[in-house]
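These are the residues of each chain, in order.
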Amino acid sequence: MLAELFLDASRACHVHSPLTHTLLVAAADDLARGGITARVMAGAECDRKGTVPGFRFAGALHRLVLEGRVPTLSKHYPTAGGKPDLDTLWDDVLPVLHEHTDELHSLITSTVVQTNEPGRNAPLFGGLQTATHLAADEAGRRATFPIRLLEVGASGGLNLRPHRIAYRVDGGTVGDPGSPFTLDPRWTGRPPVDFSHNLRLVRRAGCDLHPVDVTRESGRLHLSSFVWGDQPARFARLQEALELAQLDPVPVQQATGPEWLADQLARPERDVLTVVWHSVVWQYVSPADRAMGRSILADAAARATPMAPLALLVYEPRRTHMADRYEFQLLLKLWPAGISLRLGTGVGHGIPFTWDTQPWN
Ligand SMILES: C[S@@+](CC[C@H](N)C(=O)[O-])C[C@H]1O[C@@H](n2cnc3c(N)ncnc32)[C@H](O)[C@@H]1O
């Protein structure tokens, strides 16, 4: 039942977003009583849990707030300069649901929940530095390799510019000091190589089942609307990443990961380190696509040479030895060197992150 899915979603944001939590609990109650929320959500009654109808509902309302069209509701949203009053929130939501029923309904039924977290650039930056140094050591080169970065599940492609960000580390800046996008990566430990030089990314490409075109206002609003309205720091980070993307556009192709990867990896490239990267994607990929992806990567790994090396770099949640707990791990495999490392662990958004290199089996 839809009301139960809303309550499920409310539990998922209980700690990090009291605003969304309160909104979804009240909306679930309204749904159960057949109120206006039921009309807004009409047609979504049989949606799968994985499509998170509650977050689509919250995202659609947030979008109206960000467009500046519902001032009486915006006053509750820190992302629009407001301050939440959880006791009166639902009273201010109701008139918006009545006034914008059809528009909200069409937004909710035509979109998928879509996020793109630019904080993950920080572990990516350190991971790429590590990969290119290790590949150069293996090839007996003095200079590190330029990198071809291939991202599966790239969303809006906001993690395709890790070399164009200013990272505040050890009281200084690494990366691109002139960037409009600054990250404090809050690292414990450091990458196991010299990361003070900027990376050379000579080619970048990404694919996604549902790519978001961040060169368009509608794409930027789409991604912004799925950041919870009481997470202004995360929202500000996204806006900086979107600004950088305007200056340095990289298109994301609409494709399923394995097919796209097979095409991209068809020929090894000499004097370039090819890095296949994905973050918080694996859980959404079907078993058949996972198997195909592994096989395509194994074929490409078999063709890799010291002067045309291949790396797999991933930032994904993995179950810890405490059975019900997950941590996000940065994992690196490098061919033909046969190196396989867990570089460190962090949280979902990539910041903070702890560097701690261990063998990965
Ligand atoms: C949680 S988002 C993460 C986006 C981005 N990697 C990041 O870290 O911000 C997961 C993304 O994976 C994409 N995705 C899921 N399955 C996919 C597949 N088989 N092929 C390509 N993209 C896929 C989704 O469309 C979505 O954009």
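Let us look at the structure shown here. (Residues numbered from 1 in each chain as written. Predicted model: local features only at pLDDT ≥ 70, side-chain atom pairs only at ≥ 80, totals over all residues. Heavy atoms only, no water.)

1. Things to note about the sheet that holds strand S6 (residues 201-208)
Pairing is mixed in the open sheet, where nine strands are placed in the order S5-S12-S11-S10-S9-S8-S1-S6-S7. A single partner strand is all that each edge strand has here, and the edge strands are strand S5 (187-188) and strand S7 (252-254). Across two bridges, the pairing between S5 and strand S12 (residues 353-359) is parallel. Among the inter-strand pairings, Trp187 is bridged to a residue of S12, identified as Phe353. Against the sheet, helix H8 (residues 121-139) contacts strand S1 (147-152), S5, S6, strand S8 (273-279), strand S9 (310-319), strand S10 (326-335), strand S11 (339-346) and S12, and its axis sits at roughly 25° relative to S10. (Pairing = 2+ DSSP bridges. Helix = DSSP H or I, 4+ residues; strand = E, 2+ residues; numbered from the N terminus. Contact = heavy atoms within 4.5 Å. Axes fitted to C-alpha atoms, helices over the stretch in contact; angles between N-to-C directions.)

2. Quick word on the sheet that holds strand S4 (residues 182-183)
Reading across the sheet, the three strands line up as S3-S2-S4 and stay open at both edges, with mixed pairing between neighbours. With partners counted over all chains shown, the strands left at the sheet margins are strand S3 (172-175) and S4, one partner each. Bridge count between strand S2 (residues 166-169) and S4: two bridges; the pairing is parallel. Bridging from a neighbouring strand, Ala166 pairs with Thr182 of S4. Packing of H8 onto the sheet brings it into contact with S2, S3 and S4, and relative to S2 it is tilted by some 85°.

3. Digging into unusual backbone geometry
Here the bond from Trp335 into Pro336 is cis, since omega is 5°, no more than 30 degrees from zero. Tracing the sequence through the fold places Pro336 in the loop between S10 and S11. For the peptide bond that leads from Ile351 to Pro352, omega is 0°, which places it in the cis range. By the secondary structure assignment, Pro352 is in the loop between S11 and S12. The phi dihedral of Ser155 falls on the positive side, at around 60°, and the residue is not glycine. By secondary structure assignment, the location of Ser155 is in the loop between S1 and S2. The class for Ser155 is buried, based on a relative accessible area of 3%. The backbone of Asp170 sits at a positive phi, close to 55°, despite the residue not being glycine. Relative to the helices and strands, Asp170 is located in the loop between S2 and S3. (Buried < 20%, exposed > 50% of the residue type's maximum accessible area, 1.4 Å probe, protein only.)

4. Structural notes on the site of the ligand
Taken together, the neighbourhood of the ligand is formed by 21 residues, with Glu117, Arg120, Gly153, Asp208 and Ser279 sitting nearest. Between the ligand and Asn116 there is a distance of 2.9 Å, counted from an oxygen atom to a side-chain nitrogen or oxygen. Here Gly153 contributes a backbone N or O atom positioned 2.8 Å from a nitrogen atom of the ligand. Contact with the protein chains removes 94% of the 600 Å² of surface that the ligand exposes when unbound. A per-class count over the shell around the ligand returns six nonpolar, 10 polar and five charged. (Near = heavy atom within 4 Å. Polar contact = N/O pair within 3.5 Å; in protein donor to acceptor, adjacent residues only side chain to side chain. Areas by Shrake-Rupley, 256 points an atom, 1.4 Å probe, with all protein chains shown as cover. Nonpolar A, V, L, I, M, F, W, Y, C, P; charged D, E, K, R; others polar.)

5. Structural notes on the nonpolar core
Counting residues in hydrophobic clusters, the biggest one holds 54 residues, and the most contacted among them are Leu128, Leu273 and Leu313. The element that contributes the greatest number of residues to this core is H8, accounting for eight residues. Listed in part, the 36 residues of the second largest apolar core include Phe6, Ala27, Leu64 and Leu73. (Core = buried A, V, L, I, M, F, W, Y, C linked by side-chain atoms within 4.5 Å.)

6. Thoughts on the side chain of Asn121
Examined against the element boundaries, Asn121 turns out to sit in helix H8. The class of Asn121 is buried, set by a relative accessible area of 0%. Polar side-chain contacts of Asn121 include one of 2.8 Å to the side chain of Asn159. Dropping the residues within four chain positions of it, Asn121 is found in contact with Leu158, Asn159, Arg161, Pro162, Ile165, Tyr167, Phe181 and Leu183.

7. Looking at the packing of aromatic side chains
On inspection of all chains with the given rule, the structure shows eight aromatic pairs. Judged by centre distance (5.6 Å) and plane angle (80°), the rings of Trp187 and Phe195 are edge-to-face. Each member of the pair, Trp187 as well as Phe195, carries the same accessibility label: buried. Arranged with centres 5.8 Å apart and planes meeting at 40°, the rings of Tyr315 and Phe328 form a pair that is tilted. Of the two residues, Tyr315 is situated in strand S9 and Phe328 in strand S10; the sequence distance between them amounts to 13 residues. (Phe/Tyr/Trp six-rings, centres within 6.5 Å; stacked < 30°, edge-to-face > 60°.)

8. Details of helix H4 (residues 53-66)
Its 14 residues give H4 an end-to-end C-alpha distance of 20 Å, which sits within 8% of 20 Å, the value for a rise of 1.5 Å per residue. The first or second residue beyond H4 is Gly68, which carries a positive phi of 75°. (Expected span 1.5 Å × (residues − 1).)

9. Structural notes on the environment of Gly153
In this structure, Gly153 sits in the loop between S1 and S2. Remark: the alpha-carbon pair of Gly153 and His278, spanning 125 residues in sequence, is separated by 6.5 Å. Setting aside residues up to four positions removed in sequence, Gly153 forms contacts with Cys207, Asp208 and Val281.

10. Some remarks on the side chain of Arg237
Within the fold, Arg237 resides in helix H10 (residues 232-247). The exposure class of Arg237 is buried, given its relative accessible area of 18%. Here Arg237 is in contact with Glu117, Pro118, Gly119, Phe181, Leu183, His349 and Ile351, once residues within four sequence places are set aside.

11. Here's the deal with the environment of Phe328
Residue classification places Phe328 among the buried residues on the basis of a relative accessible area of 17%. As for Phe328 and Val347, which are separated by 19 residues in sequence, their C-alpha atoms are 5.6 Å apart. Not counting the four nearest positions on each side in its chain, Phe328 is found in contact with Val280, Tyr315, Glu316, Pro317, Gly344, Thr345, Gly346, Val347 and Gly348.

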